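Descriptive analysis of the structure
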Amino acid sequence: MSRDSLTITDNRTGKTYEIPVTDDTIRAFDLRQIKLNQNDFGMMSYDPAFNNTALCKSKISFIDGDNGILRYRGYPIEELAERSTYLETAYLIIFGELPTRKQLEEWTYHVTHHTFIHESIKKFLDGFHYDAHPMGMLISTIAALSTFYPDARHIFDAESRRKQTYRLIGKMPTLAAFAYRHSLGMPFVYPDNELTYPGNFLNMLFKTTELKYRPNPTLEHALDILFILHADHEQNCSAAAMRNVGSSHVDPYSACAAATAALYGPLHGGANEEVLRMLMEIGSIGNVPSYIKRVKSGEKRLMGFGHRIYKNYDPRARIIKRIADEVFDVMGRNPLLDIALEVERIALQDEYFVSRKLYPNVDFYTGLIYQSMGFPVTMFPVLFAIPRTSGWIAQWEEMLLDPEQKIARPRQIYMGHDQRPYVPMDQRS
Ligand code: CMC
């Protein structure tokens, strides 16, 4: 008997099975041979919310949740935040290696030259109410891109995939900025190819009457680091959505719209927005203890706290706390910061949070930075979606090229009625 195996005895039948173990994992399909009799469907594993199920084999991001470690393609997030740029990191995430100087120049050129969107997209935006949530506008316009680029259907053509990659990474900031300008009723600002990726984004958001927009270098740098920190996070809800939807072989814009929709939820990328609303609701340092009490009684969730994987301080939150200081030096201290620090101080000492290993996550401090930079709260999840696009593309391509992957199709345990006769209308109660 191989040592790399699991021996399972089915006490219902007395039969024993040997199941191979690879990488500390068994294949769920190997359980299917465990049957009561020949007609039995066979055993399945039940795992709502995928708490203990690996969806794929991946080489993109590594997380050690107990020790608060995150690496992209092997490189620690701290080093990338210190030494890289978002576009360089996006290249690393998508293509697997840090680019050479020439590769980076080409990559930057192509992304920069795909930032314009078709003029008709502006008409879609015009159709939205002035107070439409920018995530709703972003999701819709990303999906609309698929209608402008029918060549994106050729998902097994490497050249086509690369083209859609340039387009998606290039156009996300434009769509996001146009959605923002629409909500203000302000004219759209076209991309400026002379600016960096985050610098151009700030230009499209905030330019008014000046002939040439010059981004504040501290804010531009802070945004670039925030983009690096949000670029990928292995099999989270939106990456899983990208893979699941992409597994039907739909074009990448449609899959990316689905991933963006997954990110919108308050338990995922919408959490940064909720953190700000929570801090405003708390209102003052003196109110923190009573708010924490309400959280502990189950009435509320402490937004920006807790993580499925991190059972330690989220390494991204640590870096973000440092960037916050740089931004506050330029823009002035965000008055909500003191409330946030007090929430963190109390929570990190409280048995409820300590025993459940609930620490600040990436979203706890980002909202404060974004608010200080002049973004309305509704733009916060949008600021998450832009950089996460590189992660989604990498996850999508890895899924497509993995010969073991097929259309995602989970099983269920049916708990409903057995067959029963149709009840005519006048006999229904
Ligand atoms: N506030 C209060 N209690 C919490 C929180 C929280 N933020 N998070 C988890 N718990 C409690 C939860 O009630 C449960 O307690 P008990 O064992 O008594 O029932 C225990 O901790 C385990 O929680 P869970 O819901 O089983 O954990 P999960 O892995 O399913 O959820 C989470 C992870 C991130 C959805 C959750 O921690 C949460 O809702 N946090 C607030 C929202 C948030 O900040 N989301 C951003 C996540 S990081 C960025 C991203 O992914 O986009």
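See the structure printed just above.
Attention here is on the structure that accompanies the text. These figures come from a predicted structure and were not determined experimentally. (Residues numbered from 1 in each chain as written. Predicted model: local features only at pLDDT ≥ 70, side-chain atom pairs only at ≥ 80, totals over all residues. Heavy atoms only, no water.)

**Observations regarding the site of the ligand**
- Around the ligand there are 20 residues in total, and His268, Arg301, Leu302, Gly304 and Arg308 lie nearest to it.
- The backbone of Leu267 places a nitrogen or oxygen atom 3.1 Å from a nitrogen atom of the ligand.
- Contact distances for the ligand include 3.5 Å between an oxygen atom and a backbone N or O atom of Gly269.
- Summarising the interface, the protein chains cover 73% of the accessible area of the ligand, which totals 930 Å² for the free molecule.
- Its residues placed into classes, the shell around the ligand shows 10 nonpolar, six polar and four charged. (Near = heavy atom within 4 Å. Polar contact = N/O pair within 3.5 Å; in protein donor to acceptor, adjacent residues only side chain to side chain. Areas by Shrake-Rupley, 256 points an atom, 1.4 Å probe, with all protein chains shown as cover. Nonpolar A, V, L, I, M, F, W, Y, C, P; charged D, E, K, R; others polar.)

**Remarks on unusual backbone geometry**
- Phi at Ala49 takes a positive value of approximately 65°, unusual for a residue other than glycine.
- Here Ala49 shows up in the loop between β2 (15-20) and β3 (61-64).
- The exposure class of Ala49 is exposed, given its relative accessible area of 51%.
- Look at His249: it is not a glycine, yet its phi comes out positive at around 70°.
- Along the chain, the position of His249 falls in the loop between α9 (237-246) and α10 (252-264).
- The exposure class of His249 is partly exposed, given its relative accessible area of 44%. (Helix = DSSP H or I, 4+ residues; strand = E, 2+ residues; numbered from the N terminus. Buried < 20%, exposed > 50% of the residue type's maximum accessible area, 1.4 Å probe, protein only.)

**Observations regarding the packing of aromatic side chains**
- Here the structure, examined in full by the defined rule, presents 22 aromatic pairs.
- Aromatic side chains Phe201 and Phe227 sit 6.2 Å apart centroid to centroid with 40° between the ring planes, which places their arrangement in the tilted category. A residue pair is termed long-range when its members are at least 10 positions apart, and Phe201 in helix α7 (residues 197-206) and Phe227 in helix α8 (residues 217-229) qualify at 26 residues.
- Ring geometry for Tyr370 versus Phe375: centroids 6.1 Å apart, planes at 90°, classification edge-to-face. Considered together, Tyr370 and Phe375 belong to a single accessibility category, that of buried residues.
- Members of the aromatic cluster, joined through ring pairs, are Tyr180, Phe206, Tyr370, Phe375 and Phe380.
- Its guanidinium or amino end placed over the ring of Tyr352, Arg356 lies 3.8 Å from that ring's centre, counting from NZ or CZ. (Phe/Tyr/Trp six-rings, centres within 6.5 Å; stacked < 30°, edge-to-face > 60°. Lys NZ or Arg CZ within 6 Å of the ring centre and 35° of its normal.)

**Re the environment of Ala324**
- One can find Ala324 in helix α13 (residues 315-331).
- As a C-alpha pair, Ala324 and Thr366 span 42 residues in sequence and 7.9 Å in three-dimensional space.

**Description of the pairing of β3**
- Taking every second residue as pointing to the same face, the buried face of β3 carries Ser61 and Ile63, while none of Phe62 and Asp64 on the other face is buried.
- Of the strand pairs in this sheet, β3 and strand β4 (residues 69-72) are connected by four bridges, and their pairing is antiparallel. Residue pairing for β4: Phe62 is matched across the bridge by Arg71.
- Turn length for the β3-β4 hairpin, with the two strands adjacent in sequence and antiparallel, is four residues, and the turn residue Gly68 shows positive phi of about 65°. (Pairing = 2+ DSSP bridges.)

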